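Structural description and commentary
Take a look at the letters that make up each chain.
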Amino acid sequence: MHRTLEDFVRALRANEVQVSPAEAIDAHRAVAAVGFAERTLLKDALAVTLAKNAEEVTRFDACFETFFTRSSLARGSTGQASAGDADLETMILSGDQAALAEAIEAAAGRAGAGEIQLPTQRGPIARRVLDEMGLRALESRIQALREVGSRAEAERLAEGRAALFRDAQTFVERQASLYAGQTGRRLREEILGRQALSSIGEEDIAAMHALVRRMAKRLAQRYARRRHRARVGKLDVRHTVRRSLASDGVPFNLAWKSKTIEKPQIVVVCDVSRSVAAAAQFLLLLLYSLKEVVERLDAFAFSDRLVGVNDLLDDETVEVAIALILARIGYRPTDYGRALEDLFDHHGPRLDRRTTVIILGDGRSNYADPRLDLMRRLSEQTRSVIWLNPEPQTYWGQGDSKMDTYARFCRVAKTCATLVELERIIDEVLRTHLPR
Amino acid sequence: MDLSSTQSAPLASVEAIIEGLAGVGYIASRRIATALYMAAHLQKPILVEGVAGVGKTELALCAAALLNLPLIRLQCYEGLDESRALYEWKYGKQLLYTQILRDHMGPALVDAPDLASAMARLHGTGDLFFSEPFLEPRPLLQAIRAPGGAVLLIDEIDKSDEAFEAFLLEILSAFQVSIPEIGVVKAVIPPMVFLTSNNVRDLGDALKRRCLHLHIPLPDQKLEERIVAARVPAIEARLRSQLVAFVQSLRGLDLRKLPSISETVDWARALVLLHARSLDPVLVRETLNVLLKFEQDIAAVEPRVGEFLAQPPPPA
């Protein structure tokens, strides 16, 4: 039965239940302890050893149900001696369903149905399974019977053949859902991650949201780890000596140094104007995810004027928040100068040495006064200014872009056009440019 | 395999576990019992997850009662470190002893010819102050040294720091700890370990890999009725199914904190105290604060109480 368990582990992996080799060994030990005889016991035992969180438990249950259907258990109990040898015709004529099911499985093994990678391979593989079972022989037999004139027998065989088609198809479907159900989606997500943010179509937006949310979660985890500095105390000698005076200089009460962690202050300013319209969605998504990652973050969005969007991001779900923000100030001509003015008006006193300012935008200001003086002030007054631009660097300074001039005042100015880049850069920013 | 062979008729089979746990007042689903069974046979810790109040800690308490072993509990919190969890040197005692011994030090060393031999004599007394009598065992060490085995409950592991989690790895996989001054302490009988988590943060893969994973979901009507019956025996059957049905329908709502088993049980107790025989809208409104813990939730549910009560209770 080891083979079956190996296959099951492979199916689990394909269904996004992570199983490490060590866990696979545990699974074998678990099976050794409970045996295959009792289905629920086996299921529960494997579930507690293999599935490691609530979502994985759900996926595990589904996968288990598909994998250990009656037929694959039957194979285990009856052994494989009877299967495969019998002739396809005899099996159909005798109506031996169990033998047929076993024959399908055996043929599937030879045809490599378990190695199925993509859902689109279903058709060809089903065909190959049937070929392996001796479909050709069966067809010529039907042909021969028809020519001879024994219609009844030919019809029975033809019926059996149709049933066989269905069975083989269902079997391969099941294999596909076991081993290839997720690959298509994964492939699509990988492509989406590398696609330019500005060129992502309506139909992919839901998938993108899911991706960004996962990215935010990953970042939150990584970043949260770093924020907790170990507070292993060092002896505070001064205090200890002072306390020891009470006990005649014997230091009974120790005092430890403690380190207060300075919370970073982050201000994020996001451009949602017409020129970045396509990317604005995702810049806002990013803003939203950052908000989840970093505890103290002030979020602003602007086109011609700048508004605070903290409350919106806190109270609404990401889809609603984005729609509301875009409805309120989105898609208008940009004015970076004006936005900077507003930033200083609303938030001026709080822009200090502890603040990190992250600007998301293309730096296209419609030939309005870019207010470089304010930009200079911003960079002098704050800890650092980080600018993430969806446009490639070659476009910076072209046309109405002031990015090349703005970039001078930034500690970091980078292009981030795809989700993958976005994640990398944000990770880098969080790691290296924020106070800890 | 000690656990399964020597002291554990209670752990002999999944059915025996379900029965045994029911005997100590814990109504376990098959999966919970299987997890316990596997833990005993594979000697692995169980990581129990689920929303607050679903019976994670209770499971450990009842398992200890079932196995008749002492329960040693380690409550995790941010900043928990080795000295609180594993062991500590009794600093005060060490200091006191050095003060007392100081006076005896002079006479003992007075006949030493030179400094080197005085030093040698001091070394002869060895690591006096770093020995067993000065060791203060904390929960983890207690559990490992427990002579007859123990049930170790590491509660809310997700509240502790990453570093602490990493530190747990040695204990959880090998059931041993290294104390530099003394050496490696290995468990004679490995304790049965429960870790609970509320998912405040995701745990590391290394830790998860060393554990069996048990997710306790909110129970269905039938199971919950049995739990209430076990916990609040005084309640009448009709009221019980009515109140469980009410709670079940609340779980379908979009509330900030869904009522879990502990709230149901509390509510049942409250109703018994009030001598209630069946639910009526007034009574429900008056006692809703036992069930729901947020003002917004209460405000959302209150106007719909009648509607939930009107639903016919499912057949028991």
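Up top you'll find the structure we're talking about.
Fair warning: this is a prediction, and the values are worked out from it, not measured in the lab.

1. Focus: the overall build of chain B
Of regular secondary structure, chain B possesses 16 helices and nine strands. Reported as C-alpha extents along the three principal axes, the dimensions of chain B are approximately 95 × 45 × 35 Å. The proportion of buried residues among the 316 residues of chain B is 35%. The long-range share in chain B, meaning contacts at least 24 apart out of those at least 6 apart in sequence, stands at 78%.

2. Quick word on the overall build of chain A
Counting its secondary structure elements, chain A contains 20 helices and eight strands. Looking at the 436 residues of chain A, the share that counts as buried comes to 34%. Taking the contacts inside chain A whose residues are at least 6 apart along the sequence as the reference set, 71% of them involve residues at least 24 apart.

3. Remarks on the sheet that holds strand 5 (residues 306-308) of chain A
All names here are of chain A. An order of 5-4-3-6-7-8 is seen for the six strands of this open sheet, with the pairing classed as mixed. Edge positions in the open sheet fall to strand 5 and strand 8 (412-415), since each of these has one partner strand only. If you compare each strand with its neighbour and ignore which way they point, the axes differ by 20° on average. The pairing of strand 6 (residues 355-360) with strand 7 (residues 384-389) spans five bridges and is classified as parallel. Counterpart to L360 in the pairing with strand 7 is L388. Relative to the sheet, helix 17 (residues 336-347) contacts strand 3 (265-271), strand 4 (297-302) and strand 5, its axis offset from that of strand 5 by approximately 35°.

4. Topic: the environment of T264 of chain B
Along the chain, the position of T264 of chain B falls in helix 13 (residues 261-273). For T264 of chain B and G53 of chain B, which are 211 residues apart along the polypeptide, the C-alpha to C-alpha distance reads 9.6 Å.

5. Some remarks on the interface of chain A and chain B
With 28 residues of chain A at the interface, the matching set in chain B holds 25 residues. Of all elements in the fold, only helix 2 (21-34), helix 3 (39-50), helix 4 (54-67) and helix 12 (205-227) of chain A reach the threshold of two or more residues within the side of chain A that touches chain B. Here the side of chain A that touches chain B is built from residues that sort into 15 nonpolar, six polar and seven charged.

6. Observations regarding the packing of helix 9 (residues 135-148) of chain A against helix 10 (residues 151-179) of chain A
Residue and element names in this part refer to chain A. Close contact between helix 9 and helix 10 brings their axes to 8 Å; oriented N to C, the two are set at 155°. One element, helix 9, and the other, helix 10, form an angle in the roughly antiparallel class. As helix 9 runs across helix 10, the sense of the crossing is left-handed. Here L138, R141, I142, L145 and R146 of helix 9 lie close against helix 10, whose contacting residues are E153, A154, L157, A158 and R161. Of the residues contributing to the contact of helix 9 with helix 10, the split by class is six nonpolar, no polar and four charged.

7. Some remarks on the nonpolar core
Ranked by size, the top nonpolar core spans 126 residues in total, and within it V129 of chain A together with L36, A63 and V151 of chain B carry the most contacts. With residues up to four places along the chain from it excluded, the contact list for A63 of chain B reads L36, V151 and M192 of chain B.

8. Observations regarding the sheet that holds strand 9 (residues 212-215) of chain B
Sheet strands associate in pairs through backbone hydrogen bonding, adopting either a parallel or an antiparallel arrangement. Residues and elements named next belong to chain B. Reading across from one edge, 2-5-8-1-9 is the order of the five strands in this open sheet, with parallel pairing throughout. The open sheet is flanked by strand 2 (71-75) and strand 9, the only strands paired with a single partner. Averaged over neighbouring strand pairs, the angle between their axes works out to 20° when direction is ignored. Note: strand 5 (residues 151-155) against strand 8 (residues 192-197), four bridges, orientation parallel. Bridge pairing in strand 8 places V151 opposite M192. With respect to the sheet, helix 4 (residues 56-67) is in contact with strand 1 (46-49), strand 2, strand 5 and strand 8, its orientation differing from that of strand 5 by roughly 170°.

9. Examining the pairing of strand 3 of chain A
All names here are of chain A. Buried residues dominate strand 3, accounting for seven of its seven residues. Across the two faces of strand 3 the burial is the same, with Q265, V267, V269 and D271 and I266, V268 and C270 all buried. Pairing of strand 3 with strand 6 involves six bridges; the strand directions are parallel. Note that in strand 6 the partner of V269 across the bridge is I359.

10. Overview of helix 3 of chain A
Over its 12 residues, helix 3 of chain A runs 16 Å from end to end, which matches the ideal 16 Å to within 8%, given 1.5 Å per residue. Taken together, the buried residues of helix 3 of chain A touch helix 1 (2-14), helix 2 and helix 4 of chain A together with helix 2 (14-23), helix 3 (30-42) and strand 9 of chain B.

11. With respect to unusual backbone geometry
We note that D248 of chain A has phi near 55°; this positive angle belongs to a residue other than glycine. Given 8 C-beta atoms within 10 Å, D248 of chain A falls into the exposed group. Even without a glycine there, the phi angle at Q43 of chain B is positive, about 50°. The topology assignment puts Q43 of chain B in the loop between helix 3 and strand 1.

The rules behind each value
Residues numbered from 1 in each chain as written. Chains lettered and ligands numbered in written order. Predicted model: local features only at pLDDT ≥ 70, side-chain atom pairs only at ≥ 80, totals over all residues. Helix = DSSP H or I, 4+ residues; strand = E, 2+ residues; numbered from the N terminus. Buried ≥ 20, exposed ≤ 12 C-beta atoms within 10 Å, placed from the backbone. Contact = placed C-beta atoms within 7 Å. Pairing = 2+ DSSP bridges. Axes fitted to C-alpha atoms, helices over the stretch in contact; angles between N-to-C directions. Nonpolar A, V, L, I, M, F, W, Y, C, P; charged D, E, K, R; others polar. Parallel < 35°, antiparallel > 145°, perpendicular 65-115°, else oblique. Left-handed = near helix turned anticlockwise from the far one by under 90°. Core = buried A, V, L, I, M, F, W, Y, C linked by C-beta atoms within 7 Å. Expected span 1.5 Å × (residues − 1).

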